[in-house]
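So you can see what is in the structure, the chains are spelled out below.
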Amino acid sequence: MHWKRHLPVLAVLTALLWYGANHNYLLFHSIAEIFSSVIAFTIFILAWHTRRNLDNDFLLFIGTAFLFIGAIDLLHMLAYSGMGVFKGYDTDLPTQLWIAARYMQAFSFLLAPLFLTRRLPVGMTFLAFGFLTALLLLSIFSFDIFPACFVEDTGLTPFKKVSEYIISFLLLVAVFLFTRKRRAFSAAVFGMIVSSLVLTVASELSFTLYTDPYALPNLLGHFLKILAFYLIYVAIIETGLERPFDILFRDLKQREEMLEESEARYRVLFDNMKSGVAVYGAVDGGKDFVILEQAGGVGGTWWHNSYPGCACDVPSHLYSFSFALKRDWPRPYATQPEIRAYME
């Protein structure tokens, strides 16, 4: 990845966010959440339109997850204290929506490595994420059973703080799982995904420190979230659009390397054999074969051994190919020159 190309974008975005944070926190928060949601929706669009070109469903699973995560994050933005969109709710509502989205994000990254080797049931996955999202929203807006996350004049609840620690732990487990599957990614993409997860952990931990939704830890947490989402953007969106071969043909490249390694290993074995044959190819339904002989001629042991008195201890009339029977052996137990001549 060429970092210099992204520095102007990051510089402008940081300047806008810093200006908003110092002059209008709601503007800062809205820009931060809209930016994150746009990235989430873009990941889904790329994953959906490239699903037939990929031989694993990792990207499709991540894209599907981010579609619903982005939707909840948009609701979180609209519900933020001071927006006035949802009447009759206090600061607890956006905090609950935040925790719901982050739990979904953590579990999604925890499951994502599975789909590097397994097929994804697309319809069932959409139904599962849709059902889970609906259940979370109903528990917050209708049933009022989602645990309180923020109490006015008190601050964060124990549930909210513990949840942030659990989410951070799940993300670190995801880092471990991605590390075990690192060969499925280029070094740059793997580094960006892991860095994004680590930044998300730092973001979650910062959200355990504030008592006011406009406080500095909240500001820092949103900055870290933006950086984490931007790394996912660079790793998945840019790689898929600008360098598609890194994603589309990575497995093919790995298989070619494995084939070359296997061929080299067997070539060394074959070259160091004193005697042996290998079937190179079969045609006509397996009736005809191309056979490679390591020695200078056919015969195996009868080619390599020519000491005086070398002969077969099996009766000659039994020591013949079924497709080329020889009935005129000169003696009951053929000698090495006679057997070699017969094979040639």
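About the criteria used
- Sequence order as written defines residue numbering, which begins from 1 separately in each chain.
- Local features in this predicted model are restricted to residues whose pLDDT is 70 or higher, and side-chain atom pairs enter the listing and the counts only when it is 80 or higher, whereas totals over whole chains, interfaces and linings include all residues.
- Working from all heavy atoms in the structure, the side-chain values ignore hydrogens and water.
- Think of a 1 Å grid over just the protein atoms. A cavity is a set of points where a 1.4 Å probe fits yet cannot get out, a pocket is an open set with protein on both sides within 12 Å along at least five of seven lines, and lining residues have an atom within 4 Å of a point.
- Grid points are joined across faces, edges and corners, and a volume is the space filled by probe spheres set on the points.
- Helix numbers and strand numbers start at the N terminus; a helix is a DSSP run of H or I with at least 4 residues, a strand a run of E with at least 2.
- Patch membership needs two things, relative accessible area over 30% and no salt bridge, and members are linked within 9 Å if like-charged or within 5 Å if nonpolar (Val, Leu, Ile, Met, Phe, Trp, Tyr).
- Using a 1.4 Å probe, the Shrake-Rupley method yields the accessible areas, and only the shown protein chains count as cover for residues.
- The term salt bridge refers to a side-chain nitrogen of Lys or Arg lying within 4 Å of a carboxyl oxygen of Asp or Glu.
- Under the scheme applied here, a residue whose accessible area is under 20% of the maximum for its type counts as buried, over 50% as exposed, and between as partly exposed, the area being computed with a 1.4 Å probe on protein chains only.
- Between the rings of Phe, Tyr and Trp (Trp by its six-membered ring), a pair exists once the centres lie within 6.5 Å; its type follows the angle of the planes, with under 30 degrees stacked, over 60 edge-to-face, and the other angles tilted.
- Any Lys NZ or Arg CZ that is within 6 Å of a ring centre and within 35 degrees of that ring's normal is treated as a charge sitting over the ring.

Visitor: What should I look at first to understand empty space enclosed by the protein in this one?
Guide: Taken as a whole, this structure holds two cavities of 30 Å³ or more when the rule is applied. Taken as a whole, the second largest cavity holds about 90 Å³ of empty space. What lines the second largest cavity is a set of twelve residues, and nearest its centre among them are His76, Tyr80, Thr95, Tyr210 and Asn218. Contributing elements (two or more residues each) for the lining of the second largest cavity: α4 (92-111) and α8 (216-242). The dominant element in the lining of the second largest cavity, judged by the number of residues it contributes, is α4, at three residues.

Visitor: Is there a simple way to explain a nonpolar patch on the surface in this structure?
Guide: Taken together, the side chains of Leu138, Phe143 and Ile145 define a hydrophobic patch exposed on the protein surface, amounting to about 310 Å² of accessible area. Leu138 gets classed as partly exposed once you look at its relative accessible area, which sits at 37%.

Visitor: Help me understand the packing of aromatic side chains in this model?
Guide: Describing an aromatic ring pair means giving the distance of the ring centres and the angle of the ring planes. Applying the stated criterion across every chain, the model contains 22 aromatic pairs. The interplanar angle of 80° and the centroid separation of 5.8 Å between the aromatic rings of Phe58 and Phe178 together place this pair among those described as edge-to-face. Here the residue Phe58 occupies a position in helix α3 (residues 58-78), and Phe178 occupies one in helix α6 (residues 158-180), the gap between them amounting to 120 residues. Each of the two residues, Phe58 as well as Phe178, counts as buried. Among the aromatic residues, ring-to-ring pairing joins Phe44, Trp48, Phe61, Phe68, Phe115, Phe126 and Phe129 into one connected group. When the ring centre of Trp98 is taken as reference, the NZ or CZ atom of Arg102 above it lies at 4.5 Å.

Shape is all these values report; function is a separate question.
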